[in-house]
Amino acid sequence: MSHDVEILLVEDSPEDAELTIRALRRNKLANEIHVAEDGAEALDFLFCRGAHADREFSHAPRLVLLDLKLPKVSGLEVLRALRADERTRAIPVVILTSSKEERDLIDGYKLGVNAYAQKPVDFEQFSETVRQIGMFWMLINQAPPPGAFVASNAQRA
Amino acid sequence: MSHKVEILLVEDGVEDAELTIRALRRYKLANNIHVAEDGADALDFLFCRGAHEGRRFSHPPKLVLLDLKLPKINGMEVLRSIRADERTKAIPVVVLTSSKEERDLVTGYNLGVSAYVQKPVEFEQFSEAIRQIGMFWMLINQALPPGAFAASNAYGD
C-alpha cells in the first residue's frame, strides 16, 4: 500500500458507499478511502490483523465513518472495541446512519463517539452531509499525531 | 434567560471571542452564545452552579468551544471535568486553540475531546474555520436529545 488510508468507511450498502466516496472525491476531501463492508473487517483493519496484518497502528486513518447496522459485528461494537484499546481510542469516529432510534444516539455518545450524523434520504442532501463531514474532519480538525498513542503506550508499558 | 444557549464559548481573548461570535451569527449558525472568560465560569455554567445555578443539566449547550490557556482553570481541566461526570460527558467539546504543542493535541484526545482545531492566525481563515465548525456541529451533528443523559443516568445505566 503506497498511500496511507485517510478514511475508513464502514458501510455495507454499496450504493451508500459509492455516494459517499464520490462526494468525498468530487470535493477533493479524500482520495484514499478503504471500505469495510462489515464490522469484523473494520476491526481487522483498525487492529492490523487478519487480511490487514501488514498495516501499522501508527498509520491510523484520520477518520472512521461508521454505519451502525452491519453484518457480523455491529457498528456500536466496533466503536466499543476502538475505545477500549489504548492504541485506537483516539481515532476520530463519526457515526453515519439511517437509524432514527434515540437509543442508538445515546449509546453512541456513551461509547465515546466523536460525532453522530443521520443519513439524509434525499440524494443531494446526502452528498452535502458527506461534504460537510469531510470539510470539517479532513480540513479543519487536527487528527491525533501519527503514532503518538502507540508511542505513549509503549513508553508506559 | 428566555432562549437556550446553543454554544458555550470559553475564550478569554476579547478579540477572538468577538470574531467567533460574529462569524457564527453572520452565517446564522448560532444566535445564543454564552461567553465564559475563564475555566471556572465555564464549569459553573456547565455544572449549573454559582452564577448559573438557574440552569439545568437537561439543557446543555449543543457545543462547547474551548480555548486552552485560560485564567483560573485551564481548558484541559475543564475538559477533564466534563468527561468525568455522567451528566456532562456527552456534550460535544471542540478545542479551539492557538497552541501548536503536540502535547496539547495528545492530551486533548486522551481526555476525550470531540475535535481539535488550531486557530488560524489570519482573519479570513479564522472566520472560515469558525464557519466550518459551526456548519458541522450545529447543522450536521446530532446532539443528544435534551435530558437524555440526566435521564438515562437516573435509570441507573
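Below: a short report on this structure.

About the criteria used
Residues numbered from 1 in each chain as written. Chains lettered and ligands numbered in written order. Predicted model: local features only at pLDDT ≥ 70, side-chain atom pairs only at ≥ 80, totals over all residues. Heavy atoms only, no water. Core = buried A, V, L, I, M, F, W, Y, C linked by side-chain atoms within 4.5 Å. Buried < 20%, exposed > 50% of the residue type's maximum accessible area, 1.4 Å probe, protein only. Contact = heavy atoms within 4.5 Å. Helix = DSSP H or I, 4+ residues; strand = E, 2+ residues; numbered from the N terminus. Axes fitted to C-alpha atoms, helices over the stretch in contact; angles between N-to-C directions. Parallel < 35°, antiparallel > 145°, perpendicular 65-115°, else oblique. Left-handed = near helix turned anticlockwise from the far one by under 90°. Nonpolar A, V, L, I, M, F, W, Y, C, P; charged D, E, K, R; others polar. Salt bridge = Lys/Arg side-chain N within 4 Å of Asp/Glu carboxyl O. Pairing = 2+ DSSP bridges. Right-handed = clockwise from strand over helix to strand, strands pointing away. Buried area = accessible area lost by both parts, 1.4 Å probe. Polar contact = N/O pair within 3.5 Å; in protein donor to acceptor, adjacent residues only side chain to side chain.

**Observations regarding the nonpolar core**
For soluble globular proteins, the rule of thumb is that nonpolar side chains tend to be buried together. Ranked by internal contacts, the top residues of the largest apolar core, which has 49 residues, are Ile133, Phe136 and Trp137 of chain A together with Ile133 and Trp137 of chain B. Once residues within four sequence positions are removed from consideration, Trp137 of chain A is found in contact with Arg62, Leu63, Pro92, Val94, Asn114 and Ala115 of chain A together with Ser114, Ala115, Phe136 and Trp137 of chain B.

**Examining the environment of Val5 of chain B**
All names here are of chain B. Counting through the fold element by element, Val5 comes out in the segment before β1 (7-10). Between the alpha carbons of Val5 and Leu79 there is a distance of 19 Å; along the sequence they are 74 residues apart. Every residue in contact with Val5, bar those within four places of it in the chain, is listed here: Asn32, His34, Phe45, Pro60, Pro61 and Lys62.

**Quick notes on the packing of helix α1 (residues 14-26) of chain B against helix α5 (residues 123-140) of chain B**
All names here are of chain B. Orientation of α1 relative to α5, taken along the N-to-C sense of each, is 55°, at an axis distance of 9 Å. Overall, the two elements α1 and α5 adopt an arrangement that is oblique. In the crossing of α1 with α5, the sense of the turn from one axis to the other is right-handed. In this structure, α1 contributes Asp16, Leu19, Thr20, Ala23 and Leu24 to the contact, and α5 contributes Phe123, Phe126, Ser127, Ile130 and Gly134. Along the lines of polarity and charge, the residues of the contact of α1 with α5 split into six nonpolar, three polar and one charged.

**Details of the pattern of salt bridges**
All told, the structure shown has 21 salt bridges over all chains when counted by the stated rule. One salt bridge connects Lys119 of chain A with Asp16 of chain A, and the closest N-O pair in it is separated by 2.8 Å. Here Asp16 of chain A lies in helix α1 (residues 14-26) and Lys119 of chain A lies in the loop between β5 (115-118) and α5 (123-140), a separation of 103 residues in the sequence. The exposure class assigned to Lys119 of chain A is buried, which follows from its relative accessible area of 9%. Across the pair Arg22 of chain B and Glu18 of chain B runs a salt bridge whose closest N-O atoms are separated by 3.8 Å. Separated by four residues within a single helix, Arg22 of chain B and Glu18 of chain B lie in helix α1, roughly one turn from each other. Ionic contacts of the salt-bridge type, sharing partners, join the residues Glu11, Asp16, Asp67 and Lys119 of chain A into one network.

**Quick look at the pairing of strand β4 (residues 93-97) of chain A**
Residue and element names in this part refer to chain A. β4 sits mainly inside the fold: five of its five residues count as buried. Bridge count for strand β3 (residues 63-66) against β4 is three bridges, and the pairing is parallel. Paired with Leu65 across the strands is Val94, a residue of β4. Considered for its hand, the β-α-β crossover made up of β3, helix α3 (residues 75-84) and β4 is right-handed. Here β4 pairs with β5 via four bridges, running parallel. Note on β5: the bridge partner recorded for Thr97 is Gln118. In the classification by handedness, the crossover that spans β4, the intervening helix α4 (residues 102-110) and the parallel β5 is right-handed.

**A few points about the interface of chain A and chain B**
Across the boundary between the two partners, chain A contributes 28 residues, which contact 30 residues of chain B. Together chain A and chain B conceal approximately 2,700 Å² of surface at their shared face, both sides included; 61% is due to carbon and sulfur atoms. The interface formed by chain A and chain B contains zero salt bridges. Here chain A and chain B share ten residue pairs in polar contact (both at pLDDT 80 or more) between them.

**Regarding the sheet that holds β4 of chain A**
All names here are of chain A. The five strands are arranged β2-β1-β3-β4-β5 in an open sheet whose pairing can be described as parallel. Each of the sheet's edge strands pairs with one partner strand only, and the pair in question is β2 (33-36) and β5. Going from strand to strand, the sheet's axes swing by 20° on average, the running direction of each strand aside. Strands β1 (7-10), β2 and β3 of the sheet are contacted by helix α2 (residues 39-46), whose axis makes an angle of about 135° with β2.

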